[in-house]
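Coordinates in review
Next come the chains, spelled out residue by residue.
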Protein chains: 4
Amino acid sequence: MHFASDNTAPVPPQVLEALIAANHGYAMPYGADALMGEVRDRIRHAFEAPEAEIYLVATGTAANALSLACLCPPWATVFCHRNAHIEEDECGAPEFYTGGAKLTLIDTPHARLTPGKLEKAISFTGRGGVHNVQRGVVSLTNATEAGTVYSAGEVAALCTVAKGYGLPVHMDGARFANALVRAGCTPAEMTWKAGVDVLSFGGTKNGLMGVEAVVLFDPSRAWEFELRRKRGAHLFSKHRYLSAQMAAYLRDDLWLKLAARANAAATRLSEGLAALPGARLLHPSEANSVFAEWPRAGHRRAQKAGAQYYLWPMDQTLTGPDDAPLSARMVCSWSTTDEDVDAFLRLVKGKTTERA
Amino acid sequence: MHFASDNTAPVPPQVLEALIAANHGYAMPYGADALMGEVRDRIRHAFEAPEAEIYLVATGTAANALSLACLCPPWATVFCHRNAHIEEDECGAPEFYTGGAKLTLIDTPHARLTPGKLEKAISFTGRGGVHNVQRGVVSLTNATEAGTVYSAGEVAALCTVAKGYGLPVHMDGARFANALVRAGCTPAEMTWKAGVDVLSFGGTKNGLMGVEAVVLFDPSRAWEFELRRKRGAHLFSKHRYLSAQMAAYLRDDLWLKLAARANAAATRLSEGLAALPGARLLHPSEANSVFAEWPRAGHRRAQKAGAQYYLWPMDQTLTGPDDAPLSARMVCSWSTTDEDVDAFLRLVKGKTTERA
Amino acid sequence: MHFASDNTAPVPPQVLEALIAANHGYAMPYGADALMGEVRDRIRHAFEAPEAEIYLVATGTAANALSLACLCPPWATVFCHRNAHIEEDECGAPEFYTGGAKLTLIDTPHARLTPGKLEKAISFTGRGGVHNVQRGVVSLTNATEAGTVYSAGEVAALCTVAKGYGLPVHMDGARFANALVRAGCTPAEMTWKAGVDVLSFGGTKNGLMGVEAVVLFDPSRAWEFELRRKRGAHLFSKHRYLSAQMAAYLRDDLWLKLAARANAAATRLSEGLAALPGARLLHPSEANSVFAEWPRAGHRRAQKAGAQYYLWPMDQTLTGPDDAPLSARMVCSWSTTDEDVDAFLRLVKGKTTERA
Amino acid sequence: MHFASDNTAPVPPQVLEALIAANHGYAMPYGADALMGEVRDRIRHAFEAPEAEIYLVATGTAANALSLACLCPPWATVFCHRNAHIEEDECGAPEFYTGGAKLTLIDTPHARLTPGKLEKAISFTGRGGVHNVQRGVVSLTNATEAGTVYSAGEVAALCTVAKGYGLPVHMDGARFANALVRAGCTPAEMTWKAGVDVLSFGGTKNGLMGVEAVVLFDPSRAWEFELRRKRGAHLFSKHRYLSAQMAAYLRDDLWLKLAARANAAATRLSEGLAALPGARLLHPSEANSVFAEWPRAGHRRAQKAGAQYYLWPMDQTLTGPDDAPLSARMVCSWSTTDEDVDAFLRLVKGKTTERA
C-alpha cells in the first residue's frame, strides 16, 4: 500500500534487462553511444517528428529547467499554474537556469490553466515597457499536479493564446504517458501539432531509474541546449546507461503499458474512495494520482496499518474528531496492484474490515 | 585496445548485481533510502570522518561545481591548474554554479601545482581591494589531468598555503581511488588530515554508471549543499539506484581493487612504451593515464588496427614523416587487460608484430 | 501641472550649489572623498546609529537590489507586496542581483502589508524542505506604492513577524522622507528600533539628481555590500558628486523640508479632489501621491490643458461617456506649488473654470 | 601635483553650466528628455553612424559589462588583454552581467593585443566542442591600460581576426578621446569602419561627473541593451542630468579639447622624465598616462612634497637605497597644468629644486 509517490516504485524487468544488455564492452561517451541513436529514432517516430532533437537527462527538474532556459531570457517570465512543479518543487531551478527569470503564477481549478486566465496573465505583463519583466514562455504540465489531464484540444487552445503573443510553449510531461493514455490522442497531437515547442518527456515516474528526454520540436535551439546541459553538469559520460533505459521504455510501447497500469490503479482507487461514506474526490482522477478526502478515522486505520501516502496539505493531523474529513494525495505507479488498492479501500472503509 | 577514456568502460558485475538487488519493493526517495545510510557509514568509516556529510550526484562536473559554489562567493576566484577539468572540460559549470566566480589559472609541470606558484597566484590576487575579484578557494585534482599523483605530504603543503590566506580547499577526486592506490596513504591522510575541506569522490571513471560522492568534512555547509544540489536539478528521486552503486563500490574495497587494476595496466603500458625506440613519456605515469610520444608510424599501425586513444593535443595528424613523434593520451580502466596492453605495444613497436 | 512623477522635477538650489562647491580641486575617488565622511556622520546622527554603514548609489533600484542580495540567498524568496516597486518596476533587478531568488507576492489593501497576511505567506513557504524555495527576507516599502504610510508601530509589528521566523527586514525608502514626515516619528523609530536591518534611503524622488543611500544598521554585511556594489558597477569613481548632493540633502533638514512640501501639496490635491462631485480617493493620501477617480469629462479637460499624470491602470481611455469615472495617479514633488494644484482642481471641476 | 588618476579631477565649467541650465522645470524621465535627443544626434553625427543606438550610464564598468553581456553568452569567453580593466578592475562585473562567462587573458607588451596572439587565443578555444567554453567576443581597450594607443589600422587588424571567427568586437573607450586625439583619425575610422560593434564611450575620466555612453553601431541589440540596463539598475529616472553633461561634452568638440590637454600634459611629463638621469619610460606614453621608473630618492622627494601618484605595482616601498629605481603610474587630466608637471619634474630631478 505505497501511494506516497510514483518515485518510490522499482523499475520493471525490461529496464533492468536493458541495463544488463548494455553493459558489454566499450561504448562512446557523452551521447555518442549506439543506443542513443535508437532512442532518437524511436522518439522521432513516436512523435512523427523527424526533425526533432532529443536529449537525455536524469531528473525531471533538469529537463524542465534546461528547457525553460532555452525559451525564456533572464528578464522575462514563465507563465504557469500556481501549483506547477517548476514553482513548488524545484527549489528555484528555473530561476537558476534562466539566470533569474520570474514565474507568473496563475490560479485555476484542478491545476488546469484556462485560455482566459492565461490570456489575462500574459496581457497584464510587460505593459510598462523596460520597467517590467517581459513576457517569456508558457509552461503547461500534463498530466497536471492535481492528477487531471489536458486533452489535445485544450493544449491547442492554450498554445493559441501563447502564440498570439509570440510566446513559445513548454510542456512538463513528467507524467506525459499517463496523460496520453487518458487523452487517447497521439503524441504528436498532444504536443507539436497543438503548438508545444519543447517537451519534458518523463521516464522516471513511469518506471525508469532516472531518465527524462527533452524533445526539441524546433531543432534550432539544439546547440544551445547542449551547451546548457553540459554547463549545468547534466551531460553523462557513461551515457549508454541512460540510453539503454529509455530505449527499453520505448520498445513495444512499454511506456504506454506502464502508464495504463498506473492509471487503471488510480481509477480503481478513486472510484472506490468516491463510493465510501463521507468521502469525496477533490479533483477528477484522470491520470495516476488521486486527491480525496474522507473521515479522519479512515486515515487512522490506513496509516496504522502502514499505508503510505501524504495528507495534502501536509499540515493536517491525525489527532481530532473521527468523522472530520482530512484530505490526501495518493499516487499509483506501474507496480500498484489491485490487491494494494483493495486492501487500502477496506482500511479506509473500516467496518467491513473489522468484521472480516 | 580501448584507451580513449576510462568512461568508455562497462561497470563491473558487483555494480550490476547491486542494482538488481536494490530493485525490490518501494524505497523512500531523495536520499532517504536505506542504502544511502550504508553509503554514509562506509564513507565516514573509510575516511575516519564521523562528522562528514556525504551526498551523491551523477556527474563529476556536478560534484565539482556544487562543491565550489559552496566554497567560493560570486566575487571571488578559484585557484587551479591551467589544465584542471574545472577549467578545460566543464563548459563553465563552475562559473555557472558559483554565480560568476573566476578561475585563476596556474601553470606548473605535469599538472601538479606547487606551493610556490600557488602562493604567488594567491598573493597577487585581490590586492586592489574592492576593485578586484577576491581570493576564494583552492581546487586540487588528484590524480591530476596529466596522470600524476600528489602525495599526502604534497597535498598538505598546498593546503598550508591556502590556509595561510584563510582559504578553503577543494579536491577534484574524479580519480581519487587511482591516486590513493598510488600514494599508499589513507583516505584521511590524503584529504582532511592534509587540509582538504570538500572532496569530489569519483565513482564513474572507476567503474560506476554515473555516481560521484561529495564529502563535506566540515558539515556546516551541508544544508547549503543540499539546496544547491536540488536547485541545480541534481537530486535524484529514485535515489536508491545511486546509493546501490556507491554501496557496492565501497564494499570489500572494490573501489581500491578497481583502481589498482587500472593503475597496473597503465604502469604496464607506460613501461612498455618507454622501452620502445623513439618513444618517451611526457608525464610520469602515476595513476591510470599515460601520456607519451612515439614515431608516427607506430600511431598509424595502432589506429589502423582499431586501437582507440586520443592524439594529445588533438590537432596532430597521422599524415607526415614516419619517424616524427606524435604525442598521445591513453587511459586505462578497471577492465583493461594485460592482453589489451601487450597487443597495443606490439602494434606500436611494429616489427615484432609483423614478424609474428 | 506636472503630476506624472516626482522624478520629473528639478533639484532645489541647495543641491546645485553643493555640486558647484564640490567642484574645486582634486578629490579622492570611490567614496574616499571628504564629503562622504560628512554624509556618513549626518546619517548616523539622524538615525542614532553610530555603528551603521552607509553607501551611496545612483538609483533606487540599485539600492534595493543590492540590499536584497545581501539579505537573501539565491534559493530563497523575498516577501513583499504585490505592487512593490521591486516586483513591478525593476525589470527583475532583485532576481538578477540575488542570483535568482523569488519574490512572494502578498495582496493587501492600499499596498500596506498586514502582519496576518505576512505571517501566512511566510509560514506557507519552505514547508517541503529542500524541494522548496526557502524563506529569505521581508521587504517593506514606506511610503508605499499606494501613497500610504506605515507608522513606526506598524513597521514594528511586521518586523516582529519576520523576526519570529529569523528573517531580516529591508525597507524600500524611496519616499522615506515623505513617510517620516507623515508618521511623525524619528528615523530610528521607523527603522532599526522597529526591526529594519537595511534601509534604501531615497534622495532622488525627493530632490536629488540621482543619489540614494543604503543604510546597513548591522555593519557585518558592509564588505559584502561593497563587493556587490562594485561588481554591479555601481561604485562611482568621482564619488564626490554623489556625496555633495546627499550632504546638502541632509544639512538643515532639507530632506524633511522638501518632503513636507510635497506631502502638503498632495494633501491639498487629495482634499480638493475628494470634495468634487463624482470623485473619490482610492487610497488614503498619506504621503506625496494621490490615487483618485473622477468623471471622464474632468480628465479630458485636465489633459487637454496639458496636465501631466497617469491614468492608473494605464489601459483606460479618455474616449467614452463623460460621467464614467476614470482612475488616476498623481505624484507631487517638492516643487509642486499651490497654484499648480489649484489650477488642476479647477480643470477637473470644470464649470468654475469655464465660467472664469 | 595630482597624478593619481584622471578620476580625481573636477569637471570643467561647461559641464557645470550645462547642469545648471538643465535644472529648469519638469523633464520626462528615463531617457525621454529632450537633451538625450541632442546627445543621440551629436554622437551619430560625430561617428557618421545615423543608425547607431546610444545609451547613457554612469560608470565605465556599467558600460563595459552591459555591452559584453549583449555580445557574449554565458557559456562563452571574452578575449582581452591580461591587464584589461574588465579583468583587473571591475570585481567580476563582466562575469556577473554575462551570467558567468569567462575572460581569456592574452599577454602582450604595452597592453596592446596583437593579431597573432589574439588569433592563437581564439583558435585554441572551444576545440573540444560542448565540453569547452565557447568563443564569445573580443574586447579591446583604447587607449590601453598602459597608456598606449591603437591606431585605426591596428584596430582593424584585430577586428579582422575576430570577424574571421564570426566574433563581435567591443571597445572599452574609457579614454577613447585620448586615443582619438593621438591617433589622428576619425571616430568612425577608429570604430565601426574598423569593425568595432559596440563602444564604451568614456566621459568620466575626461571631465564628466559620471557619464558614459554606450554606442551600439548595430542597433539590433538595442532593446536587449535597454532591458539589461534597467535590470542592472543603471537606468536613471532623472536622466536629464546625465544627458546635460554628455551634451556639453560633445558641443564644440569639448571632449577632444579636454583630451588634447590631458595628452599634452602627459607628453610634457613623459618627455621630462625620460630626460632625467636614471629614469626611463616603461611604456610609450601615447595618451594621458605615463609609466616610468626613476631612482627612489626622486620618489621620496616627490611624495614628501605631496605629489600624488601610485607606485606601480603598488607593493614597492620608499624604504631602501636611494638610487634603486621604483616604477610609477601617473595620469594626467584635462586640469593638469604645465606648472604641475614642471614642479613635479623638478622634485624628481632633485638638485635643481634643492638649489632653488
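Cut-offs used in this document
Residues numbered from 1 in each chain as written. Chains lettered and ligands numbered in written order. Predicted model: local features only at pLDDT ≥ 70, side-chain atom pairs only at ≥ 80, totals over all residues. Heavy atoms only, no water. UniProt positions renumbered as here; feature names shortened; annotations may be inferred. Least-squares fit on C-alpha atoms with pLDDT ≥ 70 in both. Contact = heavy atoms within 4.5 Å. Salt bridge = Lys/Arg side-chain N within 4 Å of Asp/Glu carboxyl O. Helix = DSSP H or I, 4+ residues; strand = E, 2+ residues; numbered from the N terminus. Buried < 20%, exposed > 50% of the residue type's maximum accessible area, 1.4 Å probe, protein only. Buried area = accessible area lost by both parts, 1.4 Å probe. Polar contact = N/O pair within 3.5 Å; in protein donor to acceptor, adjacent residues only side chain to side chain. Pairing = 2+ DSSP bridges. Axes fitted to C-alpha atoms, helices over the stretch in contact; angles between N-to-C directions. Parallel < 35°, antiparallel > 145°, perpendicular 65-115°, else oblique. Left-handed = near helix turned anticlockwise from the far one by under 90°. Nonpolar A, V, L, I, M, F, W, Y, C, P; charged D, E, K, R; others polar. Patch = residues over 30% accessible without salt bridge, like charges linked within 9 Å, V, L, I, M, F, W, Y side chains within 5 Å. Areas by Shrake-Rupley, 256 points an atom, 1.4 Å probe, with all protein chains shown as cover. Domains from an automatic or database assignment.

Under an unreviewed UniProt entry, chain A has the name L-threonine aldolase and belongs to Rhodovulum imhoffii. Word for word, the UniProt comment on chain A under Cofactor (unreviewed entry) is "pyridoxal 5'-phosphate". Quoted straight from UniProt, the Function (unreviewed entry) entry for chain A says "Catalyzes the cleavage of L-allo-threonine and L-threonine to glycine and acetaldehyde."

Superposing chain D onto chain A requires a rotation of 180° together with a translation of 0.0 Å along the rotation axis, leaving an RMSD of 0.0 Å. These values place the two chain copies in the arrangement generated by a two-fold rotation axis. Rotation axis and chain D: the residue whose C-alpha lies nearest the axis is Gly99 of chain D, separated from it by 3.3 Å. Interface overlap between copies is the fraction of interface residues in one copy that are interface residues in the other; for chain D against chain A it reaches 100%, indicating a shared surface.

All told, the structure shown has 64 salt bridges over all chains when counted by the stated rule. Here Arg112 of chain A makes a salt bridge to Glu286 of chain A, at a shortest N to O gap of 2.9 Å. Placement of Arg112 of chain A in the loop between strand 3 (102-106) and helix 6 (115-124) and of Glu286 of chain A in the loop between strand 8 (280-281) and strand 9 (289-295) is noted, with a sequence separation of 174 residues between them. Across the pair, Glu286 of chain A and Arg112 of chain A agree in class, each one buried. Between Asp197 of chain D and Lys163 of chain D there is a salt bridge, and its shortest N-O distance comes to 2.6 Å. Here Asp197 of chain D is found in the loop between helix 9 (187-190) and strand 6 (198-202), whereas its partner Lys163 of chain D is found in helix 7 (residues 152-164), with 34 residues between them in sequence. When salt bridges with common partners are traced through the structure, they connect Glu38, Arg42 and Arg251 of chain A into a single cluster.

At the interface, 19 residues of chain D touch 19 residues of chain A. Roughly 1600 Å² of surface becomes buried between chain D and chain A when both sides are summed, with 70% attributable to carbon and sulfur atoms. In terms of surface lost to chain A, no three residues of chain D exceed Trp75, Val130 and Arg231 of chain D, which account for 42% of the buried area on that side. For the pair chain D and chain A, the interface holds zero salt bridges. Joining chain D to chain A, the criterion identifies eight residue pairs in polar contact (both at pLDDT 80 or more). Tallying contributions element by element places helix 10 (residues 222-231) of chain D first for the side of chain D that touches chain A, with seven residues.

With respect to the secondary-structure elements, Asp6 of chain A resides in the segment before helix 1 (13-22). Note on Asp6 of chain A: relative accessible area 1%, which makes it buried. Within the local environment of Asp6 of chain A, its side chain forms a polar contact with the side chain of Ser5 of chain A, the two groups lying 3.3 Å apart. There is a polar contact of 3.0 Å between the side chain of Asp6 of chain A and the side chain of Asn288 of chain A. The contacts of Asp6 of chain A, once residues within four sequence positions are left out, are Arg175, Lys205, Asn288, Val331, Cys332 and Ser333 of chain A together with Lys238 of chain B.

This part is about the relation of the copies chain A and chain B. Rotating chain A by 180° and translating it 0.0 Å along the rotation axis places it on chain B, where the RMSD comes to 0.0 Å. Most of the interface of chain A is mirrored in chain B, where 100% of its interface residues are also at the interface.

Here we come to the interface of chain A and chain B. Contact residues are listed per partner, giving 50 residues for chain A and 50 residues for chain B. Interface area, chain A with chain B, both sides summed: about 4400 Å², of which 60% is carbon and sulfur. Linking chain A with chain B are zero salt bridges. Summed over the shared surface of chain A and chain B, the number is 32 residue pairs in polar contact (both at pLDDT 80 or more).

In this section: unusual backbone geometry. All names here are of chain B. Here the bond from Asn142 into Ala143 is cis, since omega is -5°, no more than 30 degrees from zero. Its place among the elements puts Ala143 in the loop between strand 4 (134-141) and helix 7 (152-164). Residue Trp312 is joined to Pro313 through a cis peptide bond whose omega torsion reads 10°. Here Pro313 is to be found in the loop between strand 10 (310-311) and strand 11 (325-331). At Ala233, a position not held by glycine, the phi torsion is positive, near 70°. The topology assignment puts Ala233 in the loop between helix 10 (222-231) and helix 11 (240-250).

Here the focus is the environment of Thr317 of chain C. Residue and element names in this part refer to chain C. Position of Thr317 relative to the elements: it lies in the loop between strand 10 (310-311) and strand 11 (325-331). Beyond its immediate chain neighbours, meaning those up to four positions away, Thr317 contacts Arg296, Leu311 and Leu326. A polar contact of 3.1 Å, which involves the side chain of Thr317, links it to the backbone nitrogen of Thr319.

Moving on, we get to the pairing of strand 7 (residues 212-216) of chain A. All names here are of chain A. With respect to burial, strand 7 is a largely interior element, five of its five residues being buried. By the alternation rule, side chains of strand 7 split into Glu212, Val214 and Leu216 and Ala213 and Val215, which are all buried. Summarising the sheet, strand 1 (residues 53-57) and strand 7 pair through five bridges and their orientation is antiparallel. Looking across to strand 7, one finds that Tyr55 is bridged to Val214. Pairing between strand 6 (residues 198-202) and strand 7: five bridges, direction antiparallel. Looking across to strand 7, one finds that Gly202 is bridged to Glu212.

Once that is clear, we can look at the sheet that holds strand 11 (residues 325-331) of chain D. All names here are of chain D. Read from one edge to the other, the open sheet built from four strands follows the order 8-9-11-10, with strand pairing classed as antiparallel. For this open sheet the edge positions go to strand 8 (280-281) and strand 10 (310-311), each flanked by a neighbour on one side alone. Where strand 8 meets strand 9 (residues 289-295), two bridges bridge the pair, whose relative direction is antiparallel. Among the inter-strand pairings, Leu281 is bridged to a residue of strand 9, identified as Ala292.

Residue and element names in this part refer to chain C. Across the sheet, seven strands lie side by side as 1-7-6-5-4-2-3; this open sheet has mixed pairing. The sheet is open, and its two borders are formed by strand 1 (53-57) and strand 3 (102-106), each paired with just one other strand. Averaged over all pairs of adjacent strands, the angle between their axes in this sheet comes to 20°, without regard to strand direction. Pairing between strand 5 (residues 169-173) and strand 6 (residues 198-202): four bridges, direction parallel. Directly across from Gly173, in strand 6, lies its bridge partner Phe201. This element, helix 10 (residues 222-231), spans strand 1 and strand 7 (212-216) of the sheet and lies at about 10° to strand 1.

Here we come to the packing of helix 3 (residues 60-71) of chain C against helix 10 of chain C. Residues and elements named next belong to chain C. Viewed as axis vectors pointing N to C, helix 3 and helix 10 meet at an angle of 135°, and their least axial separation amounts to 10 Å. With respect to helix 10, the axis of helix 3 lies oblique. Note that helix 3 runs across helix 10; the crossing there is right-handed. Along its contact with helix 3, which presents Leu66, Ser67, Ala69 and Cys70, the element helix 10 presents Glu224, Phe225, Arg228 and Arg229. Classifying every residue of the contact of helix 3 with helix 10 by side-chain character gives four nonpolar, one polar and three charged.

Moving on to helix 13 (residues 296-304) of chain D. Among the residues making up helix 13 of chain D, those that are buried are Arg296, Ala297, Gly298, His299 and Ala302 of chain D. Looking one or two places after helix 13 of chain D, you find Gly306 of chain D, whose phi comes out positive at around 95°.

For the rest of this paragraph, the subject is a nonpolar patch on the surface. Nonpolar side chains collect at one region of the surface, where Met28 of chain A together with Tyr310, Trp312 and Met314 of chain B lie side by side and expose about 380 Å² of accessible area between them. In this fold, Trp312 of chain B is placed in the loop between strand 10 and strand 11. Since its relative accessible area comes to 32%, Trp312 of chain B is described here as partly exposed.

Below, the discussion takes up the pairing of strand 9 of chain A. Residues and elements named next belong to chain A. For strand 9, a buried count of six out of seven residues is recorded, marking the element as mostly surrounded by other parts of the structure. Pairing of strand 9 with strand 11 (residues 325-331) involves seven bridges; the strand directions are antiparallel. Each residue of the ladder has a partner; that of Val290, found in strand 11, is Met330.

This brings us to the domain arrangement of chain A. Residue and element names in this part refer to chain A. Taken as a whole, chain A is organised into domain 1 (11-254) and domain 2 (256-355). Taking only C-alpha atoms into account, the centre of domain 1 sits 29 Å from that of domain 2. Taken together, the contact pairs 22 residues of domain 1 with 18 residues of domain 2. Across the domain 1/domain 2 interface, buried area totals approximately 1800 Å², and carbon plus sulfur atoms make up 56% of it. If you look at where domain 1 meets domain 2, you find one salt bridge. One can count 13 residue pairs in polar contact (both at pLDDT 80 or more) joining domain 1 with domain 2.

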